[in-house]
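Structural overview
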Amino acid sequence: MSDWPNELFENHPAFQPIRAHLSRFSAPPSYQDWAATPVVAHSASGAPIRFVPSEQISEYYELAIYQHGLVATRLNWHDTFNAMIWHAFPLSKSALNAMHQRIIAADPSSKARGPRRDAATLFDECGFILPYCDEQLLDYLIAHEWTELFVDQAAAWGKRISAFSFGHANFEHLLAPFIGLTGKCWPVKVQADFFQRDTASQCQELDQTLSSLINDNCLQQPRQLPALPYLGIPGWYPQQNASFYENHQYFRKKRNHSPNDHMT
């Protein structure tokens, strides 16, 4: 983490939701920095979220967050970006943690994670929130019509559809991107004027909407989250020429699934 601030913090559109939070630090945040940072999130039990060394925690990761607000945090990119997402989407991060806790508490003796926890973990690591106001664009994504979505409708990005990285692993991967990077997205229908508002306002609306959906147990299985080869988003990768989008090993055709599998 020596190259802090990284030039991507300012230049890459993916970092926009956490840019203001990254800018608070002139160097990689230490535990002292985290301790001095104002609390912006609480667990569902009401505990203030704090980022601490794992050796301070004796409970299971999700339980420590739920009961005490303690997030085991290593001083690396992965966990630092996780902390940034807690700042950008505090309600949704808390709701995901509460979801884990509800499932664990319902059957504490079970060793199996099950599809709901698998989906929650997948979204937490490599998920995207996908606000859209144009149903046709969502149809292209669901059908894996990547040329139509990314090339023919390039001008729609940021105006009728967008992608907000929720998964902290996505940011880490974008520091050294490679063909094949694919996330899982949660489409969220918004009004057209959503795209005219500032980033903080957009994040706040998405956080409120997503946390409500999570608390209502809308996330049931990984298959609900459509694939998003996010290097194809206009402006997210430097070599976005015709041959790039013709790479069908990356921009894969649709496999047959039920049309009701995905989020709407």
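For the structure itself, look to the data block above.
Report on the accompanying structure. (Residues numbered from 1 in each chain as written. Predicted model: local features only at pLDDT ≥ 70, side-chain atom pairs only at ≥ 80, totals over all residues. Heavy atoms only, no water.)

**Section: the pairing of strand β3 (residues 127-132)**
Spelled out, the test is: Whether a residue is buried, partly exposed or exposed follows from its accessible area with a 1.4 Å probe, protein chains only, as a fraction of its type maximum: under 20%, in between, or over 50%, in that order. Numbering of helices and strands runs from the N terminus; a helix is a DSSP stretch of H or I covering at least four residues, while a strand is a stretch of E covering at least two. Strand pairing follows a simple DSSP-based rule, namely that at least 2 bridges must link the two strands.
Counted residue by residue, β3 has six buried out of six residues, so it is predominantly covered. Across the two faces of β3 the burial is the same, with Gly127, Ile129 and Pro131 and Phe128, Leu130 and Tyr132 all buried. Across six bridges, β3 lies against strand β5 (residues 183-189) in parallel orientation. Looking at the pairing, Pro131 lines up with Val188 of β5. Summarising the sheet, β3 and strand β4 (residues 164-165) pair through two bridges and their orientation is antiparallel. Bridged to Phe128 within β4 is Ser165.

**Details of the sheet that holds β3**
The criterion, for reference: We call two residues in contact whenever any of their non-hydrogen atoms come within 4.5 Å of each other. Only C-alpha atoms enter the line fits that serve as axes; for helices the fit covers just the stretch in contact. Angles between N-to-C directions range over 0 to 180 degrees.
An order of β4-β3-β5-β6 is seen for the four strands of this open sheet, with the pairing classed as mixed. Edge positions in the sheet fall to β4 and β6 (227-228), since each has one partner strand and no second. For β5 and β6, the ladder comprises two bridges, and the chain directions are antiparallel. Across the sheet, the residue bridging to Gly183 is Leu228, located in β6. The strands touched by helix α7 (residues 114-126) are β3 and β5; relative to β3, the strand with the most contacts, the crossing angle is about 80°.

**A short note on α7**
Put simply, the rule reads: Under the convention used throughout, the expected extent of a helix is 1.5 Å for every residue step, that is, one less than its residue count.
Here α7 spans 18 Å end to end across 13 residues, near enough to the 18 Å set by a 1.5 Å rise per residue. All of the buried residues in α7 are Arg117, Ala119, Ala120, Phe123, Asp124 and Cys126. Against α4 (61-68), α6 (90-106), β3, α10 (168-174), β5 and α11 (199-215) lie the buried residues of α7.

**A few points about the state of the cysteines**
Here is the rule: The criterion for a disulfide is a pair of cysteine sulfur atoms lying within 2.5 Å.
Enumeration over the complete set of coordinates arrives at zero disulfides. The structure places no disulfide on Cys126, whose sulfur is separated from the nearest cysteine sulfur, that of Cys185, by 10 Å.

**Brief notes about the packing of α6 against α7**
To keep things clear, this is the line we draw: Convention used here: angles under 35 degrees read as roughly parallel, angles over 145 as roughly antiparallel, angles from 65 to 115 as roughly perpendicular, and any remaining angle as oblique. Definitions for this section: a left-handed crossing has its near helix turned counterclockwise from the far helix by less than a right angle. A right-handed crossing has that turn clockwise.
Remark: α6 packs on α7, axes separated minimally by 10 Å, with the N-to-C direction vectors making an angle of 155°. As the angle between them shows, α6 and α7 are arranged roughly antiparallel. You can see that α6 and α7 cross each other, and the crossing is left-handed. Across the interface between the two elements, Lys93, Leu96, Met99, His100, Arg102, Ile103 and Ile104 from α6 touch Arg116, Arg117, Ala120, Thr121, Phe123 and Asp124 from α7.

**Regarding the packing of aromatic side chains**
Quick note on the threshold: Geometry of aromatic contacts follows a simple scheme: Phe, Tyr and Trp rings, the Trp one being its six-membered ring, pair when their centres are within 6.5 Å, and the pair is stacked under 30 degrees between planes, edge-to-face over 60, tilted otherwise.
This structure, assessed with the given rule, holds 28 aromatic pairs. Judged by centre distance (5.0 Å) and plane angle (55°), the rings of Trp34 and Phe51 are tilted. Placement of the pair is Trp34 in helix α3 (residues 31-36) and Phe51 in strand β1 (residues 50-52), with a sequence separation of 17 residues. According to the relative accessible area criterion, Phe51 is buried, its value standing at 8%. With 4.6 Å between their ring centres and 50° between their planes, Tyr250 and Phe251 make a pair best called tilted. For the pair shown, Tyr250 and Phe251 are each scored as buried. An aromatic cluster is built from Trp146, Phe150, Trp157, Tyr237, Phe244, Tyr245, Tyr250 and Phe251, whose rings are joined through pairwise contacts.

**Some details on helix α8 (residues 135-142)**
Those residues of α8 lying buried are Leu137, Leu138, Tyr140, Leu141 and Ile142. Taken together, the buried residues of α8 touch β3, α9 (146-152), β5 and β6. Immediately beyond the C-terminal end of α8, within one or two residues, lies His144, with a positive phi of roughly 60°.

**Focus: the environment of Ile103**
Note that Ile103 resides in helix α6. Sequence-distant contacts of Ile103, that is, excluding residues within four places in its chain, are made with Arg116 and Arg117.

**Considerations on the pattern of salt bridges**
The cut-off we apply is this: The term salt bridge refers to a pairing of a side-chain nitrogen on Lys or Arg with a carboxyl oxygen on Asp or Glu at a separation within 4 Å.
For the structure on display, the rule yields six salt bridges. Here Asp134 ties to Arg160 by a salt bridge, and the two come within 2.9 Å at their closest N and O atoms. You can see Asp134 sitting in the loop between β3 and α8 and its partner Arg160 sitting in the loop between α9 and β4, a full 26 residues away along the chain. Using a relative accessible area of 30% as the deciding quantity, one classes Arg160 as partly exposed. A salt bridge links Arg197 to Glu205; its shortest N-O distance comes to 2.8 Å.

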